[in-house]
Amino acid sequence: MSSSLMEPLAAKRLKLAMDNIHNSEIPNQDIKQPDWSLLPFTVLRHIYSFSSNKDRYNMSLTCKTWLEPFVAPEIWRSLTFRFDRNQDLYVTRFLKRILPVSLRHLNIDFKEADKGIIVSEIDSLECVKLVIRHRIIHQVKNLVSLRLANIGRFTKNWPEDRKRKDLVMLVKCFIEMQTDLQVFNLSCAGLDLETGRKMMLKLGLNCGSNVHKLVIDDFISNDYEGNEDFVDMMDKSLLEPLRYFTKLTSLTVSFNNLCGNVLGVLTTSGCLNCMRIFVVNVADPIRISSRRWRNLQTACPQLQIYFTFVNSTTSQNFVKILKPGIPLTGIKWNVEKGFQEENWVERTITECLSHVATKFKDSLRHVRVSLQVADESEAIIFNDIMKKAKFRV
């Protein structure tokens, strides 16, 4: 029965049932219960719009009537889920039941769960391939936002593994077919230079002028670090594609993916308002002159820059990376336990935060230092330096 015929019938049936329930003179055995299978389509669709993916899936298994809104394209404009080796099989079954013709926002996180792992890595890989292939077959190419985060756990050594190579090719095909993207997130993809460059170049040609937010920290594998041509290699992987992203207002990138020429491209566009830079375990950071940073700030007067450091605790690295001229707005500094026990000394935090307080006092607004193990003396030093810099602790 069609939804248009169901609605008046459902309303009449439910009204009769509710009247009977509230009539205390009718014996209990004669009370009629509502027939929930006759709920109007518009009511069910409204309920679905507030339900989680799992609840939607369970509701669709109730009856044919409740299945109708589940497959209705208008409720699937946004999808968020995770492939974590815990719910992979459920997610795969769930996605195969819907037609994503109206999908506009897709958010997939591939980060592995810490516990409760059910499926093997190979089975998880097959589930991901099935889902990406499903999107390609149904021509999901009008996405407004796309996030494929932490897919690097599947792409490691992919050229030597046929199954992983198939996944990379599917992801590449899916990204390259997009034409309307405004937000793109490929954080922690771990791709090789050539694949990453071609993927970004094709995306830039298709919809670069529409994209205003780009998140590509660690989208290139860290295996290239230490190579004497590393800076030139990073330059080639980003420089050409970024020329097509002419309206970027927000960019998230790894520090070692930056170079003077990349900043030059961003300076030419003059649209950037927010830049987030990740510095992770950098032993020998690339050098960017203060002049480059000042030119970028002049071209983008509203620009705010946020640095996130992970285990980059030496004062020498801080001075090399945080050059005068950077419109530094915030710093987040995470020191993991193992790294901290080996390298953490009182002088390090004193020198680093003193440098920050001295050079960026006028622009810095947010400072967060996360220590997994910190003794009382380090906390006192931190508080003292922050107070001298007139920051709120």
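Rules used in this analysis
Residues numbered from 1 in each chain as written. Predicted model: local features only at pLDDT ≥ 70, side-chain atom pairs only at ≥ 80, totals over all residues. Heavy atoms only, no water. Salt bridge = Lys/Arg side-chain N within 4 Å of Asp/Glu carboxyl O. Helix = DSSP H or I, 4+ residues; strand = E, 2+ residues; numbered from the N terminus. Buried < 20%, exposed > 50% of the residue type's maximum accessible area, 1.4 Å probe, protein only. pLDDT = per-residue confidence, 0-100. Contact = heavy atoms within 4.5 Å. Expected span 1.5 Å × (residues − 1). Phe/Tyr/Trp six-rings, centres within 6.5 Å; stacked < 30°, edge-to-face > 60°. Core = buried A, V, L, I, M, F, W, Y, C linked by side-chain atoms within 4.5 Å. Polar contact = N/O pair within 3.5 Å; in protein donor to acceptor, adjacent residues only side chain to side chain.

**Student:** What's the story with the pattern of salt bridges in this structure? I'm lost.
**Tutor:** Charged atoms that come close allow side chains of opposite charge to pair. Considering all chains together, one arrives at 13 salt bridges under this definition. A salt bridge links E126 to K129; the nearest nitrogen and oxygen atoms lie 3.5 Å apart. Within this pair, E126 and its partner K129 are both found in helix α6 (residues 121-137), separated by three residues, close to a single helical turn. Taking relative accessible area as the criterion, E126 reaches 31% and is therefore assigned partly exposed. A salt bridge links K129 to D166; its shortest N-O distance comes to 3.8 Å.

**Student:** Would you explain the confidence of the model for the protein in this entry?
**Tutor:** Any residue range with low pLDDT should be treated as having predicted coordinates unsuitable for detailed reading. Mean pLDDT over the protein: 79, with 77% of residues reaching 70 or higher. Note on residues 1-6: pLDDT is under 50 here. Beyond four places in sequence and across chains, it has 10 contacts.

**Student:** What exactly am I supposed to notice about α6 here?
**Tutor:** The α-helix winds at 3.6 residues per turn, so residues separated by three or four positions along the chain end up facing the same way. For α6, with 17 residues, the first-to-last C-alpha span of 24 Å sits near the 24 Å given by 1.5 Å per residue. Where α6 is concerned, the buried positions are E121, S124, L125, C127, V128, K129, V131, I132, H134, R135 and I136. In this structure, the buried residues of α6 make contact with β1 (78-82), α5 (88-96), β2 (105-109), α7 (152-155) and α8 (162-176). Two residues or fewer past α6, Q139 is found with a positive phi of approximately 55°.

**Student:** How should I be thinking about the packing of aromatic side chains in this particular structure?
**Tutor:** Two aromatic rings, taken as a pair, are described by how far apart their centres are and by the angle between their planes. All told, the structure shown has nine aromatic pairs when counted by the stated rule. Ring geometry for F255 and F307: centres 6.3 Å apart, planes at 50°, overall tilted. In this pair, F255 is assigned in the loop between β6 (250-254) and α11 (260-269) and F307 in strand β8 (residues 304-310), connecting sequence segments 52 residues apart. Just as F255 is buried, F307 falls in that class too. For the ring pair F307 and F309, a centre distance of 5.7 Å and an interplane angle of 15° mean the geometry is stacked. You'll find F307 and F309 in the same group, each marked buried.

**Student:** Is there a simple way to think about the nonpolar core in this case?
**Tutor:** Nonpolar side chains in soluble globular proteins tend to end up buried together. Judged by nonpolar contacts, the single largest core of 97 residues is most densely connected at L258, M275, I277, F307 and L322. Excluding its chain neighbours within four sequence positions, the residues that come into contact with L322 are F307, F309, L328, I331, H355, V356 and F360.

**Student:** What is the right way to read the environment of R153 from this model?
**Tutor:** Take R153: it is sitting in helix α7. Put simply, R153 and E121 are 32 residues apart on the chain and 9.5 Å apart in space, counted from C-alpha to C-alpha. Beyond its immediate chain neighbours, meaning those up to four positions away, R153 contacts F83, D84, R85, F110, K111, E112, E121, S124 and R164. In terms of polar contacts, R153 uses its side chain to reach the side chain of S124, at 3.4 Å.

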